[in-house]
Amino acid sequence: MLKAKGAASRAAMLNAARKIILEKGIEKLSHANIAQELNLSKSAVHWHFATKEDLLRALVVEYVVHLETEEARHEKKYIDAGFTPAEAILPAMRDWYNDFELNTHGWIGIGAALIGLSRRDPQLTEPIREWYRGLYRRLGTLEIDTTEVFLAMMTFDALFNSQKMGLTVLSQDKIAAVQARILEQAFATAPALLEKIRAIHQG
């Protein structure tokens, strides 16, 4: 019972931390502000997160879990259709980007704020980099030109980051055309796979 209560308290504190980041900016994140948000003592927040670095690390871990969950969710329909996990990555990235408008829990803003910490403390954001490394390792197992595949992944990531930073300037039609071209180039030497991707996307 106590363990469940502690987990609930910790989750509430992380929720409050995300709210503060989204509404006031990551520079306003503090034990005192979380305590104020939840009507708790500051020492209660320190009991779960001894330092601000501990709090930020917990937020990064939580964000990586979000990335893993969303990645798996968008890959599922391709894997269910017979794609390998590596083959599913790029079409799933296209679908994931198109779901950004469903961002109801502020993950775009949270991701942008946490990734922005990389220059100050690269070790803090190492779990995010390791998630990316995992994607590239999987893509590297494809039996097609890895340069084209890596270029596609980097381009999708650029679309993601432009959206996270609020810098997207192209219309949705233009973005859809760019996404289609990204996949065409990446799978140019695997036309059967490209046709399967098109069929699933259109279906």
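See the structure above.
Rules behind the numbers
Residues numbered from 1 in each chain as written. Predicted model: local features only at pLDDT ≥ 70, side-chain atom pairs only at ≥ 80, totals over all residues. Heavy atoms only, no water. Helix = DSSP H or I, 4+ residues; strand = E, 2+ residues; numbered from the N terminus. Buried < 20%, exposed > 50% of the residue type's maximum accessible area, 1.4 Å probe, protein only. Contact = heavy atoms within 4.5 Å. Lys, Arg positive; Asp, Glu negative; His and termini not counted. Charge placed at Lys NZ, Arg CZ, Asp CG, Glu CD. Salt bridge = Lys/Arg side-chain N within 4 Å of Asp/Glu carboxyl O.

### What to know about the overall build of the protein chain
Part 1: When helices and strands are tallied, the protein chain shows 10 helices and 0 strands.
Part 2: Walking the protein chain from its N terminus toward its C terminus, one meets helices and strands in the order α-α-α-α-α-α-α-α-α-α.
Part 3: With the C-alpha coordinates of the protein chain rotated into their principal frame, the extents come out at 60 × 40 × 30 Å.
Part 4: A burial count over the protein chain gives 41% of its 203 residues as buried.
Part 5: Across the protein chain, the fraction of contacts at a sequence separation of at least 24, relative to all contacts at a separation of at least 6, is 66%.
Part 6: If the 25 positive side-chain charges of the protein chain are averaged to one point and the 25 negative ones to another, these points end up 7 Å apart.

### Some thoughts on the pattern of salt bridges
Part 1: On inspection of all chains with the given rule, the structure shows 18 salt bridges.
Part 2: The salt bridge involving Arg-73 is made with Glu-70; its shortest N-O contact spans 2.8 Å. Here Arg-73 and its partner Glu-70 are both found in helix 4 (residues 52-80), 3 residues apart, which amounts to about one turn of the helix.
Part 3: For Glu-70, a relative accessible area of 15% puts it in the buried group.
Part 4: Residues Asp-80 and Lys-76 are paired through a salt bridge, measuring 2.6 Å at the closest nitrogen-oxygen approach. With Asp-80 and Lys-76 both in helix 4, this residue pair falls 4 residues apart, about one helical turn.
Part 5: Sharing partners across several salt bridges, the network here consists of Glu-126, Arg-129, Glu-130, Arg-133 and Arg-137.

### Observations concerning the side chain of Glu-75
Part 1: Relative to the assigned elements, Glu-75 resides in helix 4.
Part 2: Those residues in contact with Glu-75 that sit more than four places away from it in its chain are Pro-85, Ala-88, Ile-89, Ala-92 and Arg-138.

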